[in-house]
Amino acid sequence: VGLGDVPFCAMNEDHVAGVGLAMAFPPIPISRDMIDAGAHWDGYEAREQLSLLEGKSWTELTPYILEHHAALLIHCGSPLFRTILPAYLKLLVEGDYATMLPFHVISQLTSNPASEFDRKIFDERVGPLSAEQRAVVHRALTMIAKQGVLRDVACAALPSWSEKR
């Protein structure tokens, strides 16, 4: 994927993480199997609309779709999590959100040492990521931490991505 092939990513210095996301997370189409694999849909009200994601890659998920599915990362299984995570990170890095979305996303990027259940889910999601992908997530969180309202939560998530996993 060349930089010209990535319409979702801004090409200025302030959005370097967007370019890093595109290189570390090549866009792949979302499939129904990916949507269903390992998901926990109890309490997720927008499940019926997930079929609209099928066939799209993370670079095609608009801010409107991401905002509408602000809690998706909480409920989805590991394959979908890894596929759509870069779209949410890009949105947060750019500061283009209007809901509680950042707090939902960052909560899923923070390993909770007090909960074995949460730690297991985090490890299942993050374990298959490459060192390059983890570094890009860490870089994105560092950029997100520069936003005043997200500073504390993003800083709390950073150790989860600094540790060797």
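As shown above, the structure is provided for reference.
In this text the structure is predicted, and so the values were computed from the model without any measurement.

A. Inspection of the overall build of the chain at higher detail. Each helix and strand counted, the chain has nine helices and zero strands in total. Sequence-ordered secondary structure for the chain, helices as α and strands as β, is α-α-α-α-α-α-α-α-α. Going through the 165 residues of the chain one by one, you find that 46% of them count as buried. Long-range pairs, those at least 24 residues apart, make up 68% of the contacts in the chain between residues at least 6 apart in sequence. Counting every atom, the chain has about 8,300 Å² of accessible surface; 55% of that belongs to carbon and sulfur.

B. Spotlight on the packing of helix α5 (residues 78-94) against helix α6 (residues 101-108). Running from N to C, α5 and α6 point in directions that differ by 135°, and their axes come no closer than 11 Å. One finds that α5 runs oblique with respect to α6. For the crossing formed where α5 meets α6, the hand is left-handed. Residues F81, Y88, L91 and L92 of α5 pack against L101, P102, V105, I106 and Q108 of α6. Residues belonging to the contact of α5 with α6 are distributed by class as follows: eight nonpolar, one polar and no charged.

C. Highlighting the packing of α5 against helix α8 (residues 131-144). Their axes nearest at 9 Å, the elements α5 and α8 cross at an angle of 25°. When the axis of α5 is compared with that of α8, the two are roughly parallel. Judged by the sense of rotation from one axis to the other, the crossing of α5 with α8 is left-handed. Two secondary-structure elements touch here, α5 through L85, L89, L92 and V93 and α8 through V137, A140, M143 and I144.

Cut-off values and rules
Residues numbered from 1 in each chain as written. Predicted model: local features only at pLDDT ≥ 70, side-chain atom pairs only at ≥ 80, totals over all residues. Heavy atoms only, no water. Helix = DSSP H or I, 4+ residues; strand = E, 2+ residues; numbered from the N terminus. Buried < 20%, exposed > 50% of the residue type's maximum accessible area, 1.4 Å probe, protein only. Contact = heavy atoms within 4.5 Å. Areas by Shrake-Rupley, 256 points an atom, 1.4 Å probe, with all protein chains shown as cover. Axes fitted to C-alpha atoms, helices over the stretch in contact; angles between N-to-C directions. Parallel < 35°, antiparallel > 145°, perpendicular 65-115°, else oblique. Left-handed = near helix turned anticlockwise from the far one by under 90°. Nonpolar A, V, L, I, M, F, W, Y, C, P; charged D, E, K, R; others polar.

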